[in-house]
Amino acid sequence: MSPALVTVILASGLAVIVARRRSVAIALLAVQSLALSVGAFTLTGGRSAAFLVASGVLAVKALVLPVLLYALMRRTREPHLVAAARGPVSRLAAASALVLLAAVTVPRIPGTGAYVEHAAVGLLLTGMAIVATRRPALHQLLGMIVAENGCSLLAVAVPGGLAYLIEVGALFDLVLAITVAALFMQRIHTLLGTGNTELLRGLRD
Amino acid sequence: MTDAGRLARWAALPVAAGALALAALAVAHGSRPLYDGSWLLLDDTGGLFLAVSAMVGLAGVLLSPAYLRGREGAHARGSEAWYYGVLFAFWLALLAVPLCANLALAWLIIDATTASSALLVAFSGRREALEAGWKYLILTALGLSLALLGIIVIGIAQALIHHHDLSALSFGALRRDADLLPHGTILAGFVLLIAGLAVKIGWAPVHNWLPDAHSEAPAPVSALLSAALLPTVTLVAWRVKDALAPALGARTAATVFIAFGVASILIAIPFLWRTMPWKRLLAYSTLEHMGIIAVGIGFGSRLALTGVAIHVAGHAFGKALGFYSAMPLGPDEQPTPGHPRPGLLARRRLPAIGMGISLGTLAGLPPSPLFVSELLIVLGGIATGHAAVSIVVAAALALGFLGLLHAMLEGVVGDDAPGRVLPAAEVAS
């Protein structure tokens, strides 16, 4: 996969942690997912037909997920912007530090490009950082998907391609998780009038 | 009982009977697997976990009407069919995991359990239940993404020796190819996978969702989570350890399990000494017991693994009984910081006896099977040269024993003024 595409995938993941508006964050995720599917299609030459199917699955995911997330956003309108726990600069700095940490600490995996490998692990950690630092439930859901895209990036980079059933199965599970998360978001919104998960902090020991 | 309840009861009996028959066949066949294919594995270890999930699931379905009866209103009645549908989906997925011969397939099914069980955790619709369900969904989904990354790395290791298809991720293929797999890649994959599964198992320090989800879920679901789901995911981690040990080095694989196990036990112990509602106390006890199972798997000797098998069964009995006993208890019958002695025995004899037996079993009070299993695990550790770890574990278990015994004496036998009702604010605190 070309370094430019990998950079787009990584940069859009990092941008999700900074985006204030939910619509912008969804658009960034759409860009990331599209770049990922384009990257997969560029690798289909010389690979099996099953890999082509996996690339198609990623393309469907890139087109369908943002639409679903946008519909969910419309159904759970926020009365006003939810303030983040940390400022955008510190969030970006934290996520960038995690990406660098991944580049330094994760051992080289033969067969995949070092840049792809670091970007994949970096995206997974960025997804975790989004969940940890963003309060809106939708942003936390986006963090989950960014992390999953990190896995997909590494999966398509496997020499010869990984069994496409993993990709299909993982997408099925992702859709299931997003459906359940959507149900939760609607219930949280009904209960609190907002998707601000900061208000759900009653359970402590 | 509603139509949904009756239907669920009649459907649960053949499901449980089929699973138990399969488990009995697998266990009776001895140490050699009854069937070992690329997708399906039927062995004695899987049989044990299958039997546990079958029993706890059956009890959960049969006792669910008692839980649902406590809910009132048209919405509650309408949601019963939904409750049973999701409960069955969760239970069937749990029954499938011990039969999975393929790591990727096992991951997919475990991931699917997250969706159904998260919905069940939040079933009551209370604010706290929503918080617990959301936290559980997001944290375990992230953990399972980490585990997926580990599986992909293991898949890369297999691809490097020209095994590209999905069967390369079966436990049999991993065991067969272990000597050929590159050490560094396999180590990275193993650590990522186990760290990811640890979130789902609830091993410390990635256990944050566990006390909340167990305490807020309906009691039959709490029992399934604690007694069946967490041990079942542990079984997958155990199978991976066994398959990859030749590539990793037995010591390395064992160390990861022992580290998670000891951390879980040590973090759980202080909470077992604190006064808290019954289900929350049982949740922290789960953290301790998942730690003991991890340590036993890490020790890996025949003695320790026999202890693990007894522990899984004994823990399932004790924990399920505890959650079911807590089901009919109201807020004024819960130990809280302002009300540590609800004197349950004087007021609610049957739940008190159930809770007493549960806490005694979980504490390892003889003749509890957990006394035997913990002894076997500690002795197994000493036999494999882990004397220092075994001593730490034994000391921690002694403290845990005293903590649960204290909870039993204070909360069950305690003689607080009967019928005292706490102010809502005090209960909430």
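This text follows the structure it describes.
Rules used in this analysis
Residues numbered from 1 in each chain as written. Chains lettered and ligands numbered in written order. Predicted model: local features only at pLDDT ≥ 70, side-chain atom pairs only at ≥ 80, totals over all residues. Heavy atoms only, no water. Helix = DSSP H or I, 4+ residues; strand = E, 2+ residues; numbered from the N terminus. Rg over C-alpha atoms; globule rule 2.2 N^0.38 Å. Buried < 20%, exposed > 50% of the residue type's maximum accessible area, 1.4 Å probe, protein only. Contact = heavy atoms within 4.5 Å. Areas by Shrake-Rupley, 256 points an atom, 1.4 Å probe, with all protein chains shown as cover. Lys, Arg positive; Asp, Glu negative; His and termini not counted. Charge placed at Lys NZ, Arg CZ, Asp CG, Glu CD. Axes fitted to C-alpha atoms, helices over the stretch in contact; angles between N-to-C directions. Parallel < 35°, antiparallel > 145°, perpendicular 65-115°, else oblique. Nonpolar A, V, L, I, M, F, W, Y, C, P; charged D, E, K, R; others polar. Expected span 1.5 Å × (residues − 1). Polar contact = N/O pair within 3.5 Å; in protein donor to acceptor, adjacent residues only side chain to side chain. Phe/Tyr/Trp six-rings, centres within 6.5 Å; stacked < 30°, edge-to-face > 60°. Salt bridge = Lys/Arg side-chain N within 4 Å of Asp/Glu carboxyl O. Left-handed = near helix turned anticlockwise from the far one by under 90°.

A. Examining the overall build of chain B more closely. Of the regular secondary structure elements, chain B holds 18 helices and two strands. Against the compact-globule benchmark of 22 Å for 429 residues, chain B has a radius of gyration of 21 Å, which places it among compact chains. The C-alpha extent of chain B, read off along each of the three principal axes, is 70 × 50 × 40 Å. Counting every position in chain B, which comprises 429 residues, the buried fraction comes to 61%. When contacts within chain B are restricted to residue pairs at least 6 apart in sequence, those whose partners lie at least 24 apart make up 78%. A total of about 14700 Å² of accessible surface is found on chain B, and carbon and sulfur atoms cover 69% of it. Separation of charge centres in chain B, based on 25 positive and 23 negative side chains, amounts to 3 Å.

B. Here's a closer look at the overall build of chain A. Regarding its fold elements, chain A presents seven helices and zero strands. Whereas a compact globule of 205 residues would reach a radius of gyration of roughly 17 Å, chain A reaches 17 Å, a difference of no more than 12%. When the backbone C-alpha atoms are referred to their principal axes, chain A occupies close to 55 × 35 × 30 Å. The buried share of chain A, reckoned over its 205 residues, is 54%. In the structure as shown, chain A presents an accessible area of about 8200 Å², 70% of it carried by carbon and sulfur atoms. On chain A, the mean spot of the 16 positive side-chain charges and the mean spot of the 7 negative ones are 11 Å from each other.

C. Spotlight on the packing of helix H5 (residues 103-121) of chain B against helix H6 (residues 127-160) of chain B. Residue and element names in this part refer to chain B. The interhelical angle for the contact between H5 and H6, taken along N-to-C directions, is 175 degrees, at an axis separation of 9 Å. Considering the angle they form, H5 stands roughly antiparallel to H6. Each of Leu103, Trp107, Ile110, Asp111, Thr113, Thr114, Ser117, Ala118 and Val121 in H5 lies in contact with H6, whose residues at this interface are Ala129, Ala132, Gly133, Tyr136, Leu137, Thr140, Leu144, Ala147, Leu148, Ile151 and Ile154. Across the contact of H5 with H6, the residue classes break down as 14 nonpolar, five polar and one charged.

D. Examining helix H2 (residues 22-42) of chain A more closely. Residues and elements named next belong to chain A. For H2, spanning 21 residues, the distance from its first C-alpha to its last is 30 Å, which sits close to the expected 30 Å at 1.5 Å a residue. Listed in full, the buried residues belonging to H2 are Arg22, Ala25, Ile26, Leu29, Ala30, Gln32, Ser33, Ala35, Leu36, Ser37, Gly39 and Ala40. Packed against the buried residues of H2 are helix H1 (3-18), helix H3 (49-75), helix H5 (114-133) and helix H6 (137-157).

E. Geometry of the side chain of B:Ser373. Residue and element names in this part refer to chain B. By the element assignment, serine 373 lies in helix H16 (residues 369-383). A relative accessible area of 0% means that serine 373 is categorised as buried. A distance of 2.8 Å separates the side chain of serine 373 from the side chain of histidine 311, its partner in a polar contact. Residues contacting serine 373, with those up to four places away along its chain left out, are Gly307, Ile310 and His311.

F. Representation of the packing of aromatic side chains. Residues and elements named next belong to chain B. Enumeration over the complete set of coordinates arrives at twelve aromatic pairs over all chains. Seen from their ring centres, tyrosine 67 and phenylalanine 123 are 6.3 Å apart, and the 55 degrees between their planes marks the pair as tilted. Of the two residues, tyrosine 67 sits in helix H2 (residues 44-69) while phenylalanine 123 sits in the loop between H5 and H6, which places them 56 residues apart along the sequence. We note that tyrosine 67, like phenylalanine 123, is buried. Seen in terms of ring centroids, phenylalanine 271 and tyrosine 284 are 4.1 Å apart; in terms of plane orientation they differ by 5 degrees. Their pairing is stacked. Placement of phenylalanine 271 in helix H11 (residues 250-272) and of tyrosine 284 in helix H12 (residues 278-299) is noted, with a sequence separation of 13 residues between them. As far as burial versus exposure is concerned, phenylalanine 271 and tyrosine 284 are alike and both buried.

G. Local environment of the interface of chain B and chain A. Between chain B and chain A, the contact holds 46 residues from the first and 51 residues from the second. The interface formed by chain B and chain A includes zero salt bridges. At the surface where chain B touches chain A, the tally comes to four residue pairs in polar contact (both at pLDDT 80 or more). Ranked by residues supplied to the side of chain B that touches chain A, first place goes to H6(B) with 21 residues.

H. Broad picture of the environment of B:Ala4. For B:Ala4, the location among the structural elements is in helix H1 (residues 3-28). Here B:Ala4 is in contact with B:Glu80, B:Ala81 and B:Tyr84, once residues within four sequence places are set aside.

I. Structural detail: unusual backbone geometry. Residue and element names in this part refer to chain B. The linkage connecting alanine 204 with the following residue, proline 205, adopts the cis geometry, with an omega of 5 degrees. Within the secondary structure, proline 205 is located in the loop between helix H8 (183-201) and helix H9 (209-216). Of the consecutive residues proline 366 and proline 367, the connecting peptide bond is found in the cis state with omega at 10 degrees. Mapped onto the elements of the fold, proline 367 is located in the loop between helix H15 (349-363) and H16.

J. Summary view of the side chain of A:Arg91. All names here are of chain A. The residue arginine 91 is located in helix H4 (residues 88-105) in this model. One buried charge, arginine 91, has no salt-bridge partner; the nearest side chain with opposite charge is glutamate 198, at 12 Å. Among the polar contacts made by the side chain of arginine 91, one reaches the main-chain carbonyl oxygen of isoleucine 17 at a distance of 2.7 Å. Not counting the four nearest positions on each side in its chain, arginine 91 is found in contact with Ile17, Val18, Ala84, Arg86, Thr133 and Arg134.

K. Just the pattern of salt bridges, in detail. Residues and elements named next belong to chain B. Per the counting criterion, the structure on display carries eleven salt bridges over all chains. The salt bridge partner of lysine 135 is aspartate 212, with a shortest N-O separation of 2.5 Å. Of this pair, lysine 135 sits in helix H6 while aspartate 212 is found in helix H9, placing the two residues 77 residues apart along the sequence. With a relative accessible area of 22%, lysine 135 lands in the partly exposed category. Aspartate 212 sits in the buried class, given a relative accessible area of 3%.

L. Representation of the packing of H5(B) against helix H10 (residues 219-248) of chain B within the structure. Residue and element names in this part refer to chain B. Packing of H5 against H10 leaves a shortest axis separation of 12 Å and a crossing angle of 165 degrees. Classified by the angle their axes make, H5 and H10 are roughly antiparallel. As for the relative orientation of H5 and H10, their crossing is left-handed in sense. Across the interface between the two elements, Leu103, Ala106, Ile110, Thr113, Ser117, Leu120 and Val121 of H5 pack against Val221, Leu225, Leu229, Val233, Val236 and Val240 of H10. Of the residues in the contact of H5 with H10, the class split is eleven nonpolar, two polar and no charged.

M. Focus on the environment of B:Gly172. Tracing the backbone shows B:Gly172 in helix H7 (residues 171-177). Sequence spacing of B:Gly172 and B:Glu410 is 238 residues, and the spatial spacing of their C-alpha atoms is 50 Å.

These figures come from the coordinates and say nothing about function on their own.
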